[in-house]
Amino acid sequence: MNNKPHYFIGIKPDIHVISKLENISKELQQKFPFKKWVHPLDFHITLAFLGSASDEKRNKLQTLLEESFLASEDFQLHIEHIGVFGHHESPRIFWAGVKEEKKLFDLRNQVFHICREADFQLETRQFHPHLTLARKWDANTVFSEQLLNEYLLPKDLLFNVNRIHLFQTHMEKIPKYEIINSYHFNV
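So, a few notes on the structure that sits alongside this text. Treat the numbers as computed from the prediction; the structure is a model and nothing was measured. (Residues numbered from 1 in each chain as written. Predicted model: local features only at pLDDT ≥ 70, side-chain atom pairs only at ≥ 80, totals over all residues. Heavy atoms only, no water.)

Right, let's talk about the pattern of salt bridges for a bit. In this structure the tally under the stated criterion is seven salt bridges. Between D55 and R58 there is a salt bridge, and its shortest N-O distance comes to 3.0 Å. Here D55 pairs with R58, and both are found in helix α2 (residues 55-67), just three residues apart, close to one helical turn. (Salt bridge = Lys/Arg side-chain N within 4 Å of Asp/Glu carboxyl O. Helix = DSSP H or I, 4+ residues; strand = E, 2+ residues; numbered from the N terminus.)

Structure below.
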C-alpha cells in the first residue's frame, strides 16, 4: 500500500455550515445506507487533486500560490442539492452540490493553471463542485434516484469563500484532511 501523503487544493465551508451539514448528514444516514460517512470536519470542495508530491514540488506550488493574484473578491456558495456519482444501482459517492457560480469555476481554472505551472499532472474530468457526504452504497436493495428527489436541503446553506487551502490527507486519522496552508484572496 502507498503510504506517501496525498495533497489537494480545496475550499472549506465555515463552521456554521459544517454544523448544519453534520445534522443533515445524520438525518440522511437514516434514508441512505452508505458504508462510510464523511467526518464533518472533512467536508470540502476539491479544486485540484495533486496526489503525492515531493517537498520541492510542493514548495514550488506554495510559492506560486502565494505570488499569484487569486480571485480578487469574495463570493458566496449555496449548497442546494444532493446527488451521486457511480453506478445508478449502487453509487460510490453521495454528495451535496452547490448552485452554479461563475466565480467558483474561474477560481478553479486559476488554481489548475498554477498547479500545472508547478508541474502537477491533474485530472481532466469535468469539474462538478460538491462536498462528499458518504461513500459506497451498502444495501441489498438497488439505489433509486427517486430517493434524491424526496429530500430537499434547507435554503440557508450559504457560505462565503475568501480563501483556498492546501490539504494533506492522513488516511489513518479521523478527521483525515489537514490544512497545510491557506491562501486568502487579494482584495
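On we go.
What follows is about the sheet that holds strand β3 (residues 45-51). The strand order across the open sheet formed by four strands is β3-β1-β8-β9, and the pairing between neighbours is antiparallel. Each edge of the sheet is formed by a strand with only one pairing partner; in this case those strands are β3 and β9 (177-184). Direction aside, neighbouring strands of the sheet carry axes that sit 25° apart on average. Where strand β1 (residues 6-11) and β3 come together, five bridges link them in antiparallel fashion. Each residue of the ladder has a partner; that of Y7, found in β3, is G51. Against the sheet, α2 engages β1, β3, β8 (163-169) and β9, with an angle of about 35° to β9. With respect to the sheet, helix α3 (residues 102-117) is in contact with β1, β3 and β8, its orientation differing from that of β3 by roughly 10°. (Pairing = 2+ DSSP bridges. Axes fitted to C-alpha atoms, helices over the stretch in contact; angles between N-to-C directions. Contact = heavy atoms within 4.5 Å.)

For the rest of this paragraph, the subject is the side chain of H170. With respect to the helices and strands, the residue H170 is situated in the loop between β8 and β9. Engagement of the side chain of H170 in a polar contact is seen with the side chain of E178, the distance being 2.5 Å. The residues touching H170, leaving out its near neighbours within four places in the chain, are K176 and E178. (Polar contact = N/O pair within 3.5 Å; in protein donor to acceptor, adjacent residues only side chain to side chain.)

A separate point is the sheet that holds strand β5 (residues 91-98). The sheet built from five strands is open, its strands ordered β2-β6-β5-β4-β7 with antiparallel pairing. One side of each edge strand has no neighbouring strand; the edge strands of this open sheet are β2 (34-37) and β7 (158-161). Between one strand axis and the next, the sheet turns by 35° as a mean value, whatever way the strands run. In this structure, strand β4 (residues 75-86) lies alongside β5, joined through seven bridges in antiparallel fashion. Across the sheet, the residue bridging to V84 is F94, located in β5.

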